[in-house]
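The residues making up each chain are set out below.
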Amino acid sequence: KNAEKSPYGGSLGLRLVEAVVERAKQRHPRVIAIGDVHGCIDELQELLRQCDYRPGDLVVFLGDLVSKGPDSISVVQMAREIGAIGVRGNHDFEVIRWHQAIKNGVDPPV
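Note that the structure is predicted; figures quoted are calculated from it, not measured.

This brings us to the overall build of the protein. On a plain count of helices and strands, the protein comes out with five helices and three strands. For the protein, the sequential pattern of α-helices and β-strands runs α-α-β-α-β-α-β-α. Here the protein holds 110 residues, and 21% of them are scored as buried. Look at the contacts in the protein between residues 6 or more apart in sequence, and 72% of them connect residues 24 or more apart. Carbon and sulfur atoms provide 56% of the accessible area of the protein, an area that totals close to 8,300 Å².

Take helix H5 (residues 90–103) next. The terminal C-alpha atoms of H5 lie 20 Å apart, and with 14 residues this matches the ideal 20 Å at 1.5 Å per residue to within 8%. Remark: Gly105 follows H5 within two positions and exhibits a positive phi of approximately 75°.

You will see that His38, though not glycine, has its phi angle at about 55°, which is positive. Relative to the assigned elements, His38 resides in the loop between strand S1 (31–34) and helix H3 (41–50). With a relative accessible area of 11%, His38 lands in the buried category. You will see that Lys68, though not glycine, has its phi angle at about 75°, which is positive. Following the sequence through the fold, Lys68 ends up in the loop between strand S2 (58–62) and helix H4 (72–81).

Taken together, the side chains of Val31, Leu58 and Ile85 make up a nonpolar region of the molecular surface, amounting to roughly 260 Å² of accessible area. Looking at the element boundaries, Leu58 is found in strand S2. Overall, Leu58 belongs to the partly exposed group, its relative accessible area being 33%.

The rules behind the values
Residues numbered from 1 in each chain as written. Predicted model: local features only at pLDDT ≥ 70, side-chain atom pairs only at ≥ 80, totals over all residues. Heavy atoms only, no water. Helix = DSSP H or I, 4+ residues; strand = E, 2+ residues; numbered from the N terminus. Buried < 20%, exposed > 50% of the residue type's maximum accessible area, 1.4 Å probe, protein only. Contact = heavy atoms within 4.5 Å. Areas by Shrake-Rupley, 256 points an atom, 1.4 Å probe, with all protein chains shown as cover. Expected span 1.5 Å × (residues − 1). Patch = residues over 30% accessible without salt bridge, like charges linked within 9 Å, V, L, I, M, F, W, Y side chains within 5 Å. Salt bridge = Lys/Arg side-chain N within 4 Å of Asp/Glu carboxyl O.

In structure tokens:
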């Protein structure tokens, strides 16, 4: 009922969705799912090269982005720069707990 009262008769929303879908089809974006990076930036970069990562592809990290490896900071920075999304793994969770403890002036968990 509200759509009928809108200036475009409710059809603009559908046209917008159709335009977005068509643009996505033309770009051929892909979803690249990656798990257990563990702070290994060199290996992550090589994996993205092997996947032929292109801007516009959606990278989804499936936990354990940080810890163990030599450069967790660079991994997080790269994930942010490419607009990746992800879920927290147990190692990510522990790093956050440790950081919060230090920030709050208490002993970090062991």
